[in-house]
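Architecture and fold: a report
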Amino acid sequence: MKKRTHIWLAAAAAVIAVLAGTMIMKNNGGEKKEDKKSIRVGVALYRGDDPFINNIRSKLEEKAKSYEKGTGVKVVMDVADAKGNQNTQNSQVDRFLSLGYDAICVNMVDRSAASYVINKAMDADIPVIFFNREPVEEDMKRWEKLYYVGEDAKESAVLQGNILVDLYRSNPDGLDLDGNGKVSYVLLEGESSHQDSLIRTEWSIQTLKDGGVPLEKLTGGIANWDRSQASALMEQWMEEFPREIELVICNNDEMALGAADALERGGDTRPVKIVGIDGTPQGLEGLKTGKLFGTVQCDSEEYADVIFEIAAAESLGQNVQDKVELKQGKYYQCSQMALTSDSVR
Ligand code: GAL
């Protein structure tokens, strides 16, 4: 073959390659992100039976519907429950990515295992909105399309502590039931691996001390956010310290309700004060019936709205910062509010 023929053949091959490339792009959806008429979002939950998480899930589903109505953009939301197993969650995330979802929202089972999810999502170029279980900072820094939505744990704890400081100041006998000058308390803590447990405990107690409440710690233990584990611990403590417990400080509402269950079962009718955090529907019901004295409600609607707005903006190629005000370009902390049984009745 002559040199000229070679050049012509090479040029023709190049044109065919470019044309084929364009066709593949068209087949991939063709339209630009901004012109999309539908988005697909995967949501991976650490446990669907956790009442706080379940509440966020319902709010997310409501938000997806109202977003569809408001914008005309169709939303497909695929929710997966890992039932507390990180391997299960990894496969669920793999599935979301292989289906080419536009964004994924992940509530890690094990927050220290986030690098698996991050590596895969980066390879697939699919943004991740983590929520409630926070990956470590080094992981979060790895990519600009990683976000975290949660709560300020110190704020929850200070609000919780102040509910009790206010009570003590207005009516010391409301906490110091036997009038011996000390408030004898027990403490129920969430999972030790959860970023918020320790901070909630530390700042709740610190706030009580700073507020001048004379404290005596009887005992404490980890009940992993769980109502029945909390109830079992409380039952033991009631045997160990009969009619001595005056206050039960809990890292969340479920454990607070578990403590109330145990008191009820034990027939202890003293007005023992129990406080939680979350403001779940179950927690609010507990406040109304007087089982719980106080809680710190997380604005679950705002929580879900923000998760969804970030996912939708990323899916449609919009500037996320125009929709949601983020700290360091990736963090959002939801509003919280203290509630007592008086405020909801
Ligand atoms: C906490 C919440 C707990 C539990 C936990 C799960 O923020 O207070 O009730 O849901 O998250 O990670």
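To be clear, the structure that these remarks concern was listed above.
Just so it is clear, the model here is predicted, and its values are computed rather than measured.

Here we come to the environment of Ser-38. For Ser-38, the position within the fold is in strand β1 (residues 38-45). Residue Ser-38 is classed as partly exposed on the basis of its relative accessible area, which comes to 35%. Residues Ser-38 and Leu-316, spaced 278 residues apart in sequence, show a C-alpha to C-alpha distance of 9.0 Å.

Within the structure, the ligand sits among Tyr-46, Asp-50, Phe-52, Asn-132, Arg-133, Glu-151, His-194, Arg-200, Trp-225, Asn-252 and Asp-278. Measuring from an oxygen atom of the ligand, one finds a side-chain N or O atom of Asp-50 at 2.8 Å. One of the side-chain nitrogen or oxygen atoms of His-194 is found 3.2 Å away from an oxygen atom of the ligand. For the ligand, the protein covers 99% of the area, taking 310 Å² as the surface of the free molecule. Classifying every residue of the shell around the ligand gives three nonpolar, three polar and five charged. Looking at which domains feed residues into the shell around the ligand, each of domain 1 (38-150 + 300-334) and domain 2 (154-298) supplies at least three.

A general trend in soluble globular proteins is that nonpolar side chains are found buried together. Grouped together as the largest cluster of nonpolar side chains are 63 residues, with contacts concentrated most on Val-149, Leu-188, Met-234, Ile-245 and Val-248. By residue number, the principal contributor to this core is helix α11 (residues 300-315), which donates nine residues. Taken domain by domain, this core gets at least three of its residues from each of domain 1 (38-150 + 300-334) and domain 2 (154-298). For Val-149, the residues in contact, after removing those within four places along its chain, are Ile-129, Phe-130, Phe-131, Asn-132, Tyr-303, Val-306, Ile-307, Ile-310, Tyr-332 and Cys-334.

How each quantity is defined
Just so you know, the residues in each chain are numbered from 1, in the order the chain's sequence is written. Under the rules for a predicted model, residues below a pLDDT of 70 receive no local features and side-chain atom pairs below 80 are neither given nor counted, while totals for whole chains, interfaces and linings still include all residues. Working from all heavy atoms in the structure, the side-chain values ignore hydrogens and water. Strands are runs of DSSP state E lasting at least two residues, helices are runs of H or I lasting at least four, and both sets are numbered from the N terminus onward. Exposed residues in this analysis have more than 50% of their type's maximum accessible area, buried residues have under 20%, and partly exposed residues fall in between, with area computed by a 1.4 Å probe over protein chains only. Here, proximity means that at least one heavy atom of the residue falls within 4 Å of the molecule or strand. Here a polar contact is recorded for every N or O atom pair within 3.5 Å, except that within protein the pair must consist of a potential hydrogen donor and a potential acceptor, and residues adjacent in sequence are included only if both atoms are side-chain atoms. Surface accessibility in these figures is a Shrake-Rupley result with a 1.4 Å probe; residues are shielded only by whichever protein chains are displayed. The nonpolar class holds Ala, Val, Leu, Ile, Met, Phe, Trp, Tyr, Cys and Pro. Asp, Glu, Lys and Arg form the charged class, and all remaining residues, Gly among them, are polar. Where a domain begins and ends is set by an automatic assignment or by a domain database. Throughout, nonpolar core names a set of buried Ala, Val, Leu, Ile, Met, Phe, Trp, Tyr and Cys residues whose side chains join them through atoms within 4.5 Å. Throughout, a residue-residue contact means that at least one pair of heavy atoms, one from each residue, lies within 4.5 Å.

Don't take any of this as a statement about function, it's just geometry.
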